[in-house]
Amino acid sequence: MTFLREVLVELRKVVTPTRRELIRYTLVVLVFVVIMMLLVSGLDLLFGSFVGWVFGDLPMFGLGG
């Protein structure tokens, strides 16, 4: 019983974000995800090109050679 009472007390402290805050938080998360996708994609291209160049399978960044 004590546990359930404490859970209810904690649930009363929860604040629901306003619509404006929810939209702002969603946009922040989406922008962060896009930035991380670009970073990971860029690193993948860089390392993939480097490995291809080292082992002679591919020219560096697809440029001549």
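A short tour of the structure in this document, coming up.

Scoring rules and cut-offs
- Residues numbered from 1 in each chain as written.
- Predicted model: local features only at pLDDT ≥ 70, side-chain atom pairs only at ≥ 80, totals over all residues.
- Heavy atoms only, no water.
- Helix = DSSP H or I, 4+ residues; strand = E, 2+ residues; numbered from the N terminus.
- Buried < 20%, exposed > 50% of the residue type's maximum accessible area, 1.4 Å probe, protein only.
- Areas by Shrake-Rupley, 256 points an atom, 1.4 Å probe, with all protein chains shown as cover.
- Phe/Tyr/Trp six-rings, centres within 6.5 Å; stacked < 30°, edge-to-face > 60°.
- Patch = residues over 30% accessible without salt bridge, like charges linked within 9 Å, V, L, I, M, F, W, Y side chains within 5 Å.
- Salt bridge = Lys/Arg side-chain N within 4 Å of Asp/Glu carboxyl O.
- Expected span 1.5 Å × (residues − 1).

**Notes on the overall build of the protein chain**
In step 1: When you go through the protein chain residue by residue, the secondary structure sums to two helices and zero strands.
In step 2: With 65 residues in all, the protein chain has 3% of them scored as buried.
In step 3: Only carbon and sulfur atoms are counted for the fraction: they give 74% of the accessible area of the protein chain, which is about 6,200 Å².

**Regarding the packing of aromatic side chains**
In step 1: Counted according to the given criterion, the structure contains one aromatic pair.
In step 2: Look at F50 and W53: their rings are 6.0 Å apart centre to centre, the planes differ by 35°, and that puts the pair in the tilted class. Of this pair, F50 and W53 both sit in helix α2 (residues 19-54), separated by three residues, roughly a single helical turn.
In step 3: The class of F50 is partly exposed, set by a relative accessible area of 41%.

**Thoughts on a nonpolar patch on the surface**
In step 1: On the surface, V29, V31, F32, V33, I35, M36, M37, L39, L43, L46 and F47 cluster together into a nonpolar patch covering about 1,000 Å² of accessible area.
In step 2: Note that F47 resides in helix α2.

**Regarding the pattern of salt bridges**
In step 1: For the structure on display, the rule yields one salt bridge.
In step 2: Residue K13 pairs with E10 through a salt bridge whose shortest N-O separation is 3.2 Å.

**What about α2?**
In step 1: With 36 residues, α2 extends 52 Å between its outermost C-alpha atoms, agreeing within 8% with the 52 Å of an ideal straight helix rising 1.5 Å per residue.
In step 2: With its phi angle positive at about 75°, G56 sits one or two positions after the end of α2.

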